[in-house]
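Below are the chains, spelled out letter by letter.
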Amino acid sequence: RSGHVTAADNAEEEEDSEVLTNEAALLQTAQTIYRASTDYLDSNITTTWETNLAHFNNEHAPTTKFQSSNYKRSKVFRPKTRSMTKASEAALTNAMFSTLDVLDVQPEDATDQIQIASAKINKAILQYRLDRKIKWFQTVIGAYQSTKVYGLCISMQRWDYHVDTDVVPAQRFDGSIETDEEGNMLGFETSKVRKDDLCVDLIAPENFRFDPMCDWRDPCGTSPYLIYMMPIYAHDAIEKMEQEDDKTGQPQWKKHSLSAMLATRRNWYDRTRQAREGRRRIDPSDDQAGSMYSTLWAHMNIVKINGDDMMFWTMGTELLLSEPVLLKE
């Protein structure tokens, strides 16, 4: 078979391409990878995270015998996890924020005047973004704390750009509104930039999934699938369904009713989030009001097909929000 393409190979590629165009198959894929990653996470990782979070919050681990009434001796418990983490954060703060410049940009060739000028311009732009537009101190310390507690930190860099469009009516010389032959109002389309910011989003570890058999040195590059479970308000999801994509001219997400999206909400409390926020608190995402301000979970699914990374959005694992496209697009 080496060096030859058979009919079976072509049939397999056609079958894979057909899978990407079938909505039911896409939802089945989203459910399969979510279930597989969730089962592995709950069986092997979540207990360790619960223990680390309990120690960070100066509490006994949920699996320790000291949670039992037979072994309770004292209410005082002072593990060194929190104090060591805070000391490390103080050292990091001193190393990264002891000067006014949050970064340093140098040209590769110190004799090239163009590279020298480019380095100065890039430094000024990044300095402005990190100092004025991004909560850089909280982002850095939060990512470092996540690494100390969970063993990893996950961030997504994106550009938050949104333009609002409006139509200004065209007026005649007498002040009346100009219309066409059918009586429809004529006007000029205007646009106003609402957001134009660089964003660095920290992702909670339990909201990002990858295959456990991937290369631990490069999970995002070697895992056959990735899942980013993004919390989003219902009204923001509806807004995405009404916004047009600049590239395709189509709505960013497929339109679904509010009731259909609310039906995809999770009805259970995530163990890691519960350990992080405290077991006596009500889950902030568990809003049973069913309003426009309820929290939903949109899944960004990235699946490797024929060597290409394909990305599509789903609401939970029940509703398809977008058609699969190449991740690089």
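Our structure's up above, just so we're on the same page.
Starting afresh in each chain, residues are numbered from 1 along the sequence in its written order. At least 70 in pLDDT is required for a residue's local features to be given in this predicted model, at least 80 for side-chain atom pairs to be given and counted, and no such filter applies to totals for whole chains, interfaces and linings, which use all residues. As a convention, hydrogens and water are excluded, and side-chain values are obtained from all of the structure's heavy atoms.

### A short note on the packing of helix α3 (residues 81-96) against helix α5 (residues 136-150)
Piece 1. Structural elements are reduced to axes, namely lines fitted to C-alpha atoms, with helices fitted over the stretch in contact, and the angle between N-to-C directions of any two is expressed from 0 to 180 degrees. Strands are runs of DSSP state E lasting at least two residues, helices are runs of H or I lasting at least four, and both sets are numbered from the N terminus onward. Relative orientation of the contacting elements α3 and α5 amounts to 140 degrees, with a least axis distance of 10 Å. With respect to their mutual orientation, α3 and α5 come out oblique. Considering how the two elements wind past one another, α3 and α5 form a crossing that is right-handed. Contact with α3, carried on its side by Thr-85, Lys-86, Ser-88, Glu-89, Leu-92, Thr-93 and Met-96, involves Phe-137, Val-140, Ile-141, Tyr-144, Gln-145 and Lys-148 of α5 and no other residues of that element.
Piece 2. Any residue that is not Ala, Val, Leu, Ile, Met, Phe, Trp, Tyr, Cys, Pro, Asp, Glu, Lys or Arg is counted as polar, Gly included; the first ten are nonpolar and the last four charged. A class-by-class count of the residues in the contact of α3 with α5 yields 6 nonpolar, 4 polar and 3 charged. Geometric relationships in this document are graded by angle, where less than 35 degrees denotes roughly parallel, more than 145 denotes roughly antiparallel, 65 to 115 denotes roughly perpendicular, and other angles denote oblique. By definition, any crossing whose near helix is turned counterclockwise from its far helix by less than a right angle is left-handed, and any crossing with a clockwise turn is right-handed. Contacts: residue pairs with any heavy atoms within 4.5 Å of one another.

### Remarks on the pattern of salt bridges
Opposite charge on two side chains makes pairing possible when the charged atoms of those side chains draw close.
Piece 1. A side-chain nitrogen of Lys or Arg and a carboxyl oxygen of Asp or Glu constitute a salt bridge if their distance falls within 4 Å. Tallied over the entire structure, the rule returns 14 salt bridges.
Piece 2. We note a salt bridge from Glu-50 to Arg-271, for which the minimum N-O separation is 2.9 Å. Here Glu-50, found in helix α2 (residues 23-56), pairs with Arg-271, found in helix α9 (residues 271-277); they are 221 residues apart in sequence, far enough to count as distant.
Piece 3. Using a relative accessible area of 7% as the deciding quantity, one classes Glu-50 as buried.
Piece 4. Through salt bridges with shared partners, a single network forms among Asp-101, Asp-104 and Lys-123. Classification of residues uses two cut-offs on accessible area relative to the type maximum, computed with a 1.4 Å probe and protein chains only: under 20% is buried, over 50% is exposed, and between them is partly exposed.

### Brief notes about helix α4 (residues 113-133)
Piece 1. Multiplying 1.5 Å by the residue count of a helix minus one yields the expected span of that helix. Compared with an ideal rise of 1.5 Å per residue, which puts 21 residues at 30 Å, α4 spans 29 Å between its outermost C-alpha atoms and is within 8% of the ideal.
Piece 2. Inspection of α4 places Ala-119, Gln-127, Arg-129 and Leu-130 among the buried residues, and these make up the whole buried set. The buried residues of α4 occupy one face: seen down the axis, they fall within an arc of 165 degrees. Facing away from the buried side of α4, by more than 90 degrees, are the exposed residues Gln-113, Ile-114, Lys-120, Ile-121 and Arg-132.
Piece 3. The elements touched by buried residues of α4 are α5, β1 (154-169) and β2 (187-203). Note: the arc covers the axis-to-C-beta directions of the helix.

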